[in-house]
Amino acid sequence: MPSRESGPTIHIPGTTTHTIAPRTGSGAHEGTLRYLRAGTGAPLVLLHTVRTQAEHFRRLIPLITDRYTVYALDLPGMGHSEIVPGASYDEPAMRAGVERLLTELDLRDVTLVGESMGAVLALTTAADLPERVRRVVAVNTYDFPGGIARSSLLARAVVGAVLLPGVGPVVAGIEPRPALRTILRGGLGDRSALREDYVDELLQVGSRPGYPAVARAVYQALPTLITARRRYPEVKAPVHLVYGEKDWSRHSDREANRKLLPTADFTQIPKAGHFVALERPDVLADLLSAAA
């Protein structure tokens with residue numbers, strides 16, 4: 001049996017694993033960040049969704065490494081990045097982790113590709129670091145009320161219970177495999193795109209000491225992703241908004257973002273759900289190849 005601090009169980013061919021240490025003298029509750037690197041070419045940074053990690057892009061990375069040097073980040077406290085007691089998981093704190101990657105590695109002319117929560121962070125990072133960001137591809141931005149609770153009745157019940165005072169921390173530490181699988185499949189148009197070894201990896205990460213507290217804090221901080229929408233008009237880089245036809249966002253949510261980003265390109269992927277990187281990585285690869 002693997003230990004509770006075992007490394008990832010999935011290896012993406014062609015990738016290497018790296019870390020970024022906390023900044024010296026930082027007053028923030030920063031931990032070590034883990035990221036994957038692969039390929040050659042201009043830098044491209046991948047930012048994952050709520051409750052996932054860099055391996056979320058396992059099918060996309062091999063399709064784009066002939067054109068880009070890819071950096072897939074585990075956001076603070078998630079995946080195999082360090083869990084720091086007392087750390088914040090609101091949008092500014094998550095964004096600070098992304099900005100650490102860009103500044104510590106001195107990445108410039110960067111294409112930021114984010115899905116869900118990662119899409120919001122891609123946009124706000126671009127607003128903060130215009131001199132480093134060349135382009136943003138924001139996939140199914142998670143910046144609307146309800147979010148994952150729109151996935152299914154089970155998701156609504158689980159997230160609601162996690163947020164409750166008293167019992168919330170207990171519920172956050174209980175993650176039966178069937179429940180996790182059902183919630184994730186609720187974000188897919190093609191449910192077969194959820195592979196069992198990926199569920200295994202997510203469950204292993206969920207067993208890390210301190211991870212239930214991170215998961216609860218992330219859910220508590222989701223309203224800050226909605227607040228972050230006010231930063232979108234500050235983005236100077238070209239933006240491509242991508243939505244799955246069956247994403248949890250409503251037509252009104254998508255149109256609201258198009259108004260905030262009136263020059264953005266817009267693509268809707270037929271039959272796809274919230275986790276486009278899992279079920280239609282080919283479409284994302286084609287978009288990125290066209291812009292390389």
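Scroll up to find the structure this text is about.
Below is a summary of the structure that appears in this document. (Residues numbered from 1 in each chain as written. Predicted model: local features only at pLDDT ≥ 70, side-chain atom pairs only at ≥ 80, totals over all residues. Heavy atoms only, no water.)

### Considering the packing of helix 4 (residues 153–163) against helix 8 (residues 211–220)
For any two helices packed against each other, one specifies the inter-axial angle together with the distance between the axes. Test applied: For helices, the fitted axis covers only the stretch in contact; all axes are lines through C-alpha atoms, and the angles between them, taken along N-to-C directions, range from 0 to 180 degrees. The numbering of helices and of strands both runs from the N terminus, where a helix is a DSSP run of H or I of at least 4 residues and a strand a run of E of at least 2. By the definition adopted for this analysis, an angle is roughly parallel if under 35 degrees, roughly antiparallel if over 145, roughly perpendicular if from 65 to 115, and oblique otherwise. Between two residues, a contact is recorded if the distance between any of their heavy atoms is within 4.5 Å. Under this grouping Gly is polar, as are all residues other than the nonpolar Ala, Val, Leu, Ile, Met, Phe, Trp, Tyr, Cys and Pro and the charged Asp, Glu, Lys and Arg.
Packing of helix 4 against helix 8 brings their axes to within 9 Å, and their N-to-C directions diverge by 100°. Comparing the axis directions of helix 4 and helix 8 gives the class roughly perpendicular. Contacts between helix 4 and helix 8 involve V159, V162 and L163 from the first element and R216, Y219 and Q220 from the second. A breakdown of the residues in the contact of helix 4 with helix 8 according to their chemical character gives four nonpolar, one polar and one charged.

### Focus: helix 8
Stated precisely, the cut-off is as follows: Classification of residues uses two cut-offs on accessible area relative to the type maximum, computed with a 1.4 Å probe and protein chains only: under 20% is buried, over 50% is exposed, and between them is partly exposed.
Extensive coverage of helix 8 is indicated by the burial of seven of its 10 residues. Three or more residues of helix 8 are buried, namely Y211, V214, A215, R216, A217, V218 and Y219.

### A closer look at the packing of helix 2 (residues 91–104) against helix 3 (residues 117–128)
Our working definition: In this scheme the handedness of a crossing depends on how the near helix is turned from the far one: anticlockwise by less than a right angle means left-handed, clockwise means right-handed.
Put simply, helix 2 and helix 3 touch, their axes get as near as 9 Å, and they point 65° apart. Judged by the angle between their axes, helix 2 and helix 3 are roughly perpendicular. In terms of crossing hand, the pair formed by helix 2 and helix 3 is right-handed. In this structure, helix 2 contributes E91, M94, R95, V98, E99 and L102 to the contact, and helix 3 contributes V120, L121, T124, T125 and D128.

### Let's talk about the sheet that holds strand 8 (residues 265–269)
Defined as follows: If DSSP finds at least two bridges between two strands, the strands pair.
Here we have eight strands laid out as an open sheet, ordered 1-2-4-3-5-6-7-8, and mixed in their pairing. Strands with a single pairing partner mark the edges of an open sheet, and in this sheet they are strand 1 (16–20) and strand 8. The mean inter-strand angle of the sheet, taken between neighbouring strand axes irrespective of direction, is 20°. Where strand 3 (residues 42–47) lies against strand 5 (residues 110–115), four bridges are found, and the strand directions are parallel. In the sheet register, L44 faces strand 5, and the bridge partner there is T111. Lying over the sheet, helix 2 contacts strand 1, strand 2 (33–39), strand 3, strand 4 (68–73), strand 5 and strand 6 (133–139), oriented at roughly 145° with respect to strand 4. Relative to strand 7 (residues 239–244), helix 10 (residues 251–260) is tilted by about 175°, and along the sheet it contacts strand 7 and strand 8.

### Points about the pattern of salt bridges
Quick note on the threshold: For salt bridges, the criterion is a side-chain nitrogen of Lys or Arg within 4 Å of an Asp or Glu carboxyl oxygen.
Applying the stated criterion across every chain, the model contains 21 salt bridges. The partner of R34 in a salt bridge is E55, and the shortest N-O contact between them spans 2.6 Å. On the criterion of sequence distance, the pair formed by R34 in strand 2 and E55 in the loop between strand 3 and helix 1 (61–64) is long-range, its members being 21 residues apart. No difference in accessibility class separates R34 from E55, as the two residues are buried.

### Examining the nonpolar core
Quick reminder of the rule: To define a nonpolar core, start from buried Ala, Val, Leu, Ile, Met, Phe, Trp, Tyr and Cys residues and group those joined through side-chain atoms within 4.5 Å.
Counting residues in hydrophobic clusters, the biggest one holds 71 residues, and the most contacted among them are V45, L75 and L102. Broken down by element, this core gets its largest block of residues, eight residues, from helix 3. Each residue touching V45, except ones within four places of it in the same chain, is listed here: Y71, L101, L102, L107, V110, T111, L112 and V113. Within the second largest apolar cluster, 27 residues are counted, among which are I12, L46, A277 and A285.

### Some points on the packing of aromatic side chains
Under the convention used in this document: In summary, the pairing rule links any two rings of Phe, Tyr or Trp, Trp by its six-membered ring, whose centres are within 6.5 Å, and it sorts them by plane angle into stacked for under 30 degrees, edge-to-face for over 60 and tilted for everything else. Either the NZ atom of lysine or the CZ atom of arginine qualifies as a charge over a ring when it sits within 6 Å of the ring centre and within 35 degrees of the ring normal.
Under the defined criterion, the tally for this structure stands at four aromatic pairs. Their ring planes at 85° and their centres at 5.8 Å tell us that W248 and F275 sit as a pair that is edge-to-face. With W248 in the loop between strand 7 and helix 10 and F275 in the loop between strand 8 and helix 11 (276–279), the pair connects residues that are 27 residues apart, well separated along the chain. You can call F275 buried: its relative accessible area is 4%. Looking at R258, its charged tip hangs above the ring of F266, at a distance of 4.1 Å from the centre.

### Details of the side chain of D247
Inclusion rule: All tallies of charge rest on Lys and Arg as positive and Asp and Glu as negative; His and the ends of each chain are not included. Two N or O atoms form a polar contact when they lie within 3.5 Å of each other; inside protein one atom must be a possible hydrogen donor and the other a possible acceptor, and for residues adjacent in sequence the pair counts only when both atoms belong to side chains.
Its place among the elements puts D247 in the loop between strand 7 and helix 10. No salt bridge is formed by the buried D247; the nearest opposite charge belongs to R254, separated by 4.4 Å. Here S249 takes part through its side chain, which lies 2.5 Å from a polar atom of the side chain of D247. Leave out the neighbours within four places in its chain, and D247 touches N140, R254, A272, G273 and H274.

Don't take any of this as a statement about function, it's just geometry.
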